[in-house]
Structures are given as C-alpha cells and as structure tokens.
Amino acid sequence: MNKIRKYVIQPLIDCWSMFVGLKVTGKYFCKPLITVHYPRQVIDDENLSTYGGHVELIGKPKDPATPKCISCMMCVTNCPSKCLTVVKQKPPKPTPEEEEAMKAAKEAGEKVKKPKAPKNPAKFIYDYTLCSLCGTCIDNCPAKSLRFSNNMYWVATSRKEMKIDLLARLKEQAAEVPAPAPAPKTEASAPAEKEA
C-alpha cells in the first residue's frame, strides 16, 4: 500500500498544479489575439484604458487644472522608491490691515485666526527613473488624486525629461480638454419663459 501511495497517488497529486496551469493556458489559447502590430494597426481604447504608465495627478471635476491633492504627504511617505517630491504651499502673508486687526484682537483678548495655507501643493515632482510602478502611492492617497497614465506613446530622450512636474502636466492636460457644453434648456423652463 505504501508503494502505491509513493509511486501512483503522490505523482498524481504533484501533477495537479500542472493541470491547473494547463487549464489556464488552454483558456487563453482559444481566445483571439490581443497583440497589435503597432505601425500597421492602431491600439484600441480598450487596451489604452488598461495600460498603466507613469503616475499622474487627477484634476478637480469643476476645475481640471487644479489637482485634487490635499498635500497630506501619504504618497511620499509610502513610496518605497522615494520618487515623489511634494512641497506644501506656505500660508499667505497677511496684509498690513490684517496685521493691525490681528494685533487689536490679540490685545482685546480674542482668539486670533492666522491665515491657513492652501491645501493644494506648490510643487509635485515625479522622478520616473526611480519609480517601480508599484502603485503604492495611488493606493494610499486619501483624496484619490493619483492614477496611472494611459499615455503609452510617451518618449523621453534624456534623464532630465524623466523628472516630470505633475502640476505643469495637469495644467497642460486641462488646456487640451475642451470646455464642457452648456446644459440644454429643459421643457419645464420653456413654459416659464413664455409666461414672462
């Protein structure tokens, strides 16, 4: 019984992972090819949407040139490659009138509120030469302001070009996107205009 287990049953158990792998291979073997012969064929939008290139900022829905980033530094803290550099904005300097009002409030014993710094970053630099494309920065961003780029045609000819200013890139992308069309008038607003 021991020899049957050793020479018959155990080899079958050991081959199970091979059969599982062949099942996966067979499933994809029967599907049509996804490979694109690039200069002769254009890559379709389905493949472009699944491509993960370098990291880029996401703009706010109402103002695409302004990043959703709140400068919390979670992306910088969690990046194992240390390829991100975020510089927070400094609070604005109060005007002389505001300084006088703050002094008067302080002398009166009131709490003085100093101007707060804007939440969006002053600089957001990404060094693509260091990035391992692990996605840790994207996963840890509480504002969901980072994503992988879908630009598979991006080319750099020097190391300097691989250091990307993501704020400038976001502004360029916002300039390329056309302005949203005005909302069409609804039927409910048309009778109200006729009555007036």
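Quick note: structure is the one above.
This one's a predicted model, so the numbers in the text were calculated from it and none came from an experiment.

> Could you clarify how one ought to interpret the overall build of the protein chain in this entry?
Regarding its fold elements, the protein chain presents seven helices and five strands. When its helices and strands are written in sequence order, the protein chain yields α-α-β-α-β-α-β-α-β-β-α-α. For the protein chain, whose C-alpha radius of gyration is 28 Å, the value lies well above the compact-globule estimate of 16 Å for 196 residues. For the protein chain, the C-alpha atoms occupy an extent of roughly 95 × 60 × 45 Å along the three principal directions. Here the protein chain, with 196 residues, has 19% of them falling under the buried criterion. Contacts spanning at least 24 positions in sequence make up 75% of the contacts within the protein chain whose residues lie at least 6 apart.

> What am I meant to see in the side chain of Ser145 here?
Of note, Ser145 is situated in the loop between helix H5 (136-140) and strand E4 (146-148). Excluding residues that lie within four positions of it along the chain, Ser145 makes contacts with Glu56, Leu57, Ile58, Lys68 and Cys69.

> Would you mind going over the pairing of strand E3 (residues 123-127) with me for this structure?
Taken residue by residue, a regular strand's side chains alternate between the two faces of the sheet. Examined bridge by bridge, strand E2 (residues 84-87) and E3 share four bridges and lie antiparallel to one another. Counterpart to Val86 in the pairing with E3 is Phe124. Here E3 pairs with strand E5 (residues 163-165) via three bridges, running antiparallel. For Asp127, the partnering residue across the bridge sits in E5 and is Lys163.

> Before we go on, may I ask you to explain the nonpolar core in this structure?
The tendency in soluble globular proteins is for nonpolar side chains to be buried side by side. Ranked by size, the top nonpolar core spans 19 residues in total, and within it Leu57, Cys75, Leu84, Phe124, Tyr126, Cys137 and Leu146 carry the most contacts. When near neighbours in sequence (up to four residues on either side) are disregarded, Leu146 contacts Val55, Glu56, Leu57, Ile58, Cys75, Phe124, Cys137, Ile138 and Cys141.

> How do you make sense of a nonpolar patch on the surface when you look at a structure like this?
On the surface, a nonpolar cluster with roughly 770 Å² of combined accessible area is contributed by Met1, Ile4, Tyr7, Val8, Ile9, Leu12 and Ile13. Within the secondary structure, Met1 is located in the segment before helix H1 (2-29). The class for Met1 is exposed, based on a relative accessible area of 78%.

> Would you mind showing me how to read the state of the cysteines here?
Counted according to the given criterion, the structure contains zero disulfides. Take Cys69: it sits in no disulfide, and the sulfur closest to it among the cysteines is that of Cys75, at 6.1 Å. A relative accessible area of 8% places Cys69 in the buried class. Cys79 takes part in no disulfide bond, and the closest cysteine sulfur, belonging to Cys83, lies 3.6 Å away.

> Is there a simple way to explain the packing of aromatic side chains in this structure?
Both the distance between ring centres and the angle between the ring planes are used here to describe each pair of aromatic rings. Enumeration over the complete set of coordinates arrives at two aromatic pairs. For the pair Tyr126 and Tyr128, a centre-to-centre distance of 5.8 Å together with 35° between the ring planes defines the contact as tilted. Each member of the pair, Tyr126 together with Tyr128, is buried. Ring-pair connections join several aromatic residues into one group, and the members of that group are Tyr126, Tyr128 and Trp154.

Parameters at a glance
Residues numbered from 1 in each chain as written. Predicted model: local features only at pLDDT ≥ 70, side-chain atom pairs only at ≥ 80, totals over all residues. Heavy atoms only, no water. Helix = DSSP H or I, 4+ residues; strand = E, 2+ residues; numbered from the N terminus. Rg over C-alpha atoms; globule rule 2.2 N^0.38 Å. Buried < 20%, exposed > 50% of the residue type's maximum accessible area, 1.4 Å probe, protein only. Contact = heavy atoms within 4.5 Å. Pairing = 2+ DSSP bridges. Core = buried A, V, L, I, M, F, W, Y, C linked by side-chain atoms within 4.5 Å. Patch = residues over 30% accessible without salt bridge, like charges linked within 9 Å, V, L, I, M, F, W, Y side chains within 5 Å. Areas by Shrake-Rupley, 256 points an atom, 1.4 Å probe, with all protein chains shown as cover. Salt bridge = Lys/Arg side-chain N within 4 Å of Asp/Glu carboxyl O. Disulfide = S-S within 2.5 Å. Phe/Tyr/Trp six-rings, centres within 6.5 Å; stacked < 30°, edge-to-face > 60°.

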